[in-house]
Amino acid sequence: TNPVLDDPFLPLTDGTMAQIVAPALQVFYVTLVQAPYPSWLQLSSRANSELLFFEPGRGSLVAPALIHGAGLACCWLLGALAAKAYEQENIDPTVSGYGQVLLAVMKAGAFATGVLIFATQMDLLSEFGRYVQLGESPETDLRLLTAWTEGFRDVLFEAVVITSMRMYLAVSIARRKGL
């Protein structure tokens, strides 16, 4: 079936939330609780040597967060298109209720999570050159647990940000229509 964009600016808003807001909140969170930074937030040593005038410090977390966020935004947009989350009945609570708006977000999030898991599996396959599983070696165990933890945090922060924004939008639409 063909997805419909009843609000042409909503994909841009979703993309901004998924690419910028959710990863930024995740960076704030790991900094606040003094948790280890995710692997995507650390520039590789090769990148450090190739960047002209690179000084780690102020602003050095912006580029990695935006790059990682772009991947998350792609996952979300694919999920939203697959779940038809841009159609009027899935945006406007006056058409079919808040439950439908929330259900569309959950469907899109489930699809986006599947895309993220698949992309992570492809990344691990590319990194190791073969299928790996827990228990093979301490190195693969660490990498798999790191991937699981980072994926869990990505899904959690994306879910909170996107759901909050979509529900705020739904309430705004209902108030504008006087309901």
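Located above this text is the structure these notes cover.
The rules behind each value
- Residues numbered from 1 in each chain as written.
- Predicted model: local features only at pLDDT ≥ 70, side-chain atom pairs only at ≥ 80, totals over all residues.
- Heavy atoms only, no water.
- Helix = DSSP H or I, 4+ residues; strand = E, 2+ residues; numbered from the N terminus.
- Expected span 1.5 Å × (residues − 1).
- Bend = angle between axes of the 7 residues up to and from the residue.
- Buried < 20%, exposed > 50% of the residue type's maximum accessible area, 1.4 Å probe, protein only.
- Contact = heavy atoms within 4.5 Å.
- Phe/Tyr/Trp six-rings, centres within 6.5 Å; stacked < 30°, edge-to-face > 60°.
- Axes fitted to C-alpha atoms, helices over the stretch in contact; angles between N-to-C directions.
- Parallel < 35°, antiparallel > 145°, perpendicular 65-115°, else oblique.
- Left-handed = near helix turned anticlockwise from the far one by under 90°.
- Nonpolar A, V, L, I, M, F, W, Y, C, P; charged D, E, K, R; others polar.
- Salt bridge = Lys/Arg side-chain N within 4 Å of Asp/Glu carboxyl O.

Describe helix H1 (residues 10–32), listing the residues and the values that go with them.
Taking 1.5 Å per residue, 23 residues should reach 33 Å; H1 reaches 31 Å between its end C-alpha atoms and fits that length. Taking the largest bend as the criterion, H1 deviates by roughly 35 degrees, centred on Met-17. For H1, the set of buried residues is Leu-10, Pro-11, Asp-14, Gly-15, Ala-18, Ala-22, Pro-23, Gln-26, Val-27 and Val-30. Considering only its buried residues, H1 is in contact with helix H3 (62–82) and helix H6 (138–176). Of the residues trailing H1, Gln-34 is marked for its positive phi of about 55 degrees.

Describe the packing of aromatic side chains, with residues and values.
As enumerated under the stated definition, the model contains two aromatic pairs in all. Aromatic pair Tyr-29 and Phe-157: ring centres 5.6 Å apart, planes at 55 degrees, arrangement tilted. With Tyr-29 in helix H1 and Phe-157 in helix H6, the pair connects residues that are 128 residues apart, well separated along the chain. Ring plane angle 5 degrees and centroid distance 5.5 Å describe the contact between Trp-148 and Phe-152, whose orientation is recorded as stacked. With Trp-148 and Phe-152 both in helix H6 and four residues apart, this pair spans about one turn of that helix.

Tell me about the packing of helix H5 (residues 98–128) against H6, residues and numbers included.
Viewed as axis vectors pointing N to C, H5 and H6 meet at an angle of 155 degrees, and their least axial separation amounts to 10 Å. In terms of axis orientation, H5 runs roughly antiparallel to H6. Handedness of the H5/H6 crossing: right-handed. Taken together, the residues that form the contact of H5 with H6 break down as 15 nonpolar, five polar and five charged.

Give me the pattern of salt bridges: which residues, what numbers.
Here the structure, examined in full by the defined rule, presents five salt bridges. Note that Asp-14 and Arg-166 form a salt bridge whose closest N and O atoms lie 2.7 Å from each other. Note that Asp-14 is positioned in helix H1 and Arg-166 in helix H6, a separation of 152 residues in sequence. Within the structure, one salt-bridge network assembled from shared partners comprises Asp-123, Glu-127 and Arg-143.

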